[in-house]
Amino acid sequence: MIIQGFEPISDPDARILILGSMPGIASLEANQYYGHPRNAFWRIMGDVFGAGLERPYAERTAILKDQGVAVWDVLKLCHREGSLDSNIKDEVPNDFAGFFVQHPRIERVVLNGGKAAKSFEKYVRPLVPSLTVTTAPSTSPAFAAMRYEAKLDLWRTAIISADQGQGR
């Protein structure tokens, strides 16, 4: 099945870009980033920014934008059966050249897991070789090898590192 991702959650003054690989079936059906109820992304965003699942999706995305955080995926299109990143084939990346022109204040990228990191290095890194990039542990329920508290600590460190010196 051919899968197409979402438009970014972003404002032009975003400083931090969080990148996943490609939405899973539950996210596509909900038409929301990280729409699987067991995905830890919004729980982490709740603990870091107050953008947790107790809030409506539009409110969560508005909070992230207010905090200078953009959310997108490395891939625009792919072929994938199911939701596992390991099943992704025939990748087509998003237009990062255009994105970085429209978002000139991006100073750090936080990658959500290994597949996002691998695709970023292949398609995006050559465009922004000096940009600071951190790979955080996947928030996917498929990555259950790490306790939530450990994931939260690593995500918070990645985001706080991006925020240093910004007065936020």
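Small disclaimer: the values here were computed from a predicted structure and weren't measured. (Residues numbered from 1 in each chain as written. Predicted model: local features only at pLDDT ≥ 70, side-chain atom pairs only at ≥ 80, totals over all residues. Heavy atoms only, no water.)

## Side note on the sheet that holds strand 5 (residues 89-93)
What counts here: When DSSP locates at least two bridges between a pair of strands, those strands are taken to pair. Secondary structure elements are taken from DSSP: a helix is a run of H or I of four residues or more, a strand is a run of E of two residues or more, and numbering for both begins at the N terminus. Only the contacting stretch of a helix is used when fitting its axis, a line to C-alpha atoms as for every element, and angles between N-to-C directions run 0 to 180 degrees. The contact criterion used throughout is that any non-hydrogen atoms of two residues lie within 4.5 Å.
The 3 strands lie next to each other as 1-4-5, forming an open sheet whose pairing is antiparallel. In this open sheet, the two edge strands, each paired with only one partner strand, are strand 1 (2-4) and strand 5. Across this sheet, the average inter-strand angle for adjacent strands is 15 degrees, counted without regard to direction. Two strands pair when backbone bridges link them, and strand 1 and strand 4 (residues 75-79) are joined in this way by 3 bridges, in the antiparallel orientation. Pairing of Ile-3 across the sheet is with Cys-78, part of strand 4. On top of the sheet, helix 5 (residues 114-123) reaches strand 4 and strand 5; it is set at about 60 degrees to strand 5, its chief contact.

## Quick look at the side chain of Ser-138
Assignment of secondary structure puts Ser-138 in the loop between strand 7 (132-136) and helix 6 (148-163). For Ser-138, the residues in contact, after removing those within four places along its chain, are Asn-112, Gly-113, Phe-143 and Lys-151.

## Observations regarding the confidence of the model for the chain
Worth spelling out the cut-off: pLDDT expresses, on a scale from 0 to 100, how confident the predictor is about each individual residue.
For the chain, per-residue confidence averages 92 on the pLDDT scale, and 96% of positions sit at 70 or higher. Note on residues 164-168: pLDDT is under 50 here. Beyond four places in sequence and across chains, it has 8 contacts.

## Concerning the packing of aromatic side chains
As a reminder, the rule being used: Aromatic contacts are taken between Phe, Tyr and Trp rings whose centres are within 6.5 Å, Trp giving its six-membered ring; a plane angle under 30 degrees counts as stacked, one over 60 as edge-to-face, and the others as tilted. Here the term buried applies to any residue with accessible area under 20% of the maximum for its type, exposed to any over 50%, and partly exposed to those in between, with areas from a 1.4 Å probe on protein chains only.
Taken as a whole and assessed by the stated rule, the structure comprises 11 aromatic pairs. Ring plane angle 35 degrees and centroid distance 6.0 Å describe the contact between Phe-96 and Phe-100, whose orientation is recorded as tilted. Residue Phe-96 and its partner Phe-100 are located together in helix 4 (residues 96-102), separated by 4 residues, close to a single helical turn. On the accessibility criterion, Phe-96 (2% relative accessible area) is buried.

## Some remarks on the pairing of strand 6 (residues 108-112)
Two faces, one strand: in a regular strand the side chains alternate between the faces of the sheet. The cut-off we apply is this: By convention, orient the strands away from the viewer: a clockwise path from the first strand over the helix to the second makes the crossover right-handed.
Where burial is concerned, most of strand 6 is hidden: 5 out of the 5 residues are buried. Along strand 6, one buried face is formed by Arg-108, Val-110 and Asn-112 and the opposite face, lined by Val-109 and Leu-111, is buried too. As defined by bridge partners, strand 2 (residues 16-20) adjoins strand 6 across 4 bridges and the pair is classed as parallel. The residue of strand 6 that forms the bridge with Leu-19 is Leu-111. Pairing between strand 6 and strand 7: 5 bridges, direction parallel. Paired with Val-109 across the bridge in strand 7 is Val-133. For the handedness criterion, the β-α-β arrangement of strand 6, helix 5 and strand 7 is classed as right-handed.

## A few points about unusual backbone geometry
Backbone geometry at Asn-31 places phi at a positive 55 degrees, although glycine is not the residue there. Counting through the fold element by element, Asn-31 comes out in the loop between helix 1 (25-30) and helix 2 (41-49). In this structure, Tyr-34 is a non-glycine residue whose phi angle is positive, near 55 degrees. By the secondary structure assignment, Tyr-34 is in the loop between helix 1 and helix 2.

## A short note on the nonpolar core
Here is a general trend for soluble globular proteins: nonpolar side chains tend to be buried in one another's company. What counts, and what does not: Residues enter a nonpolar core if they are buried and are Ala, Val, Leu, Ile, Met, Phe, Trp, Tyr or Cys, with the set joined through side-chain atoms within 4.5 Å.
Among the nonpolar cores identified, the biggest contains 48 residues, and Leu-17 and Met-45 are the most heavily contacted of them. Contacts of Met-45, omitting those with residues within four sequence positions, involve Ile-18, Gly-50, Ala-51, Leu-64, Trp-155 and Ile-159.

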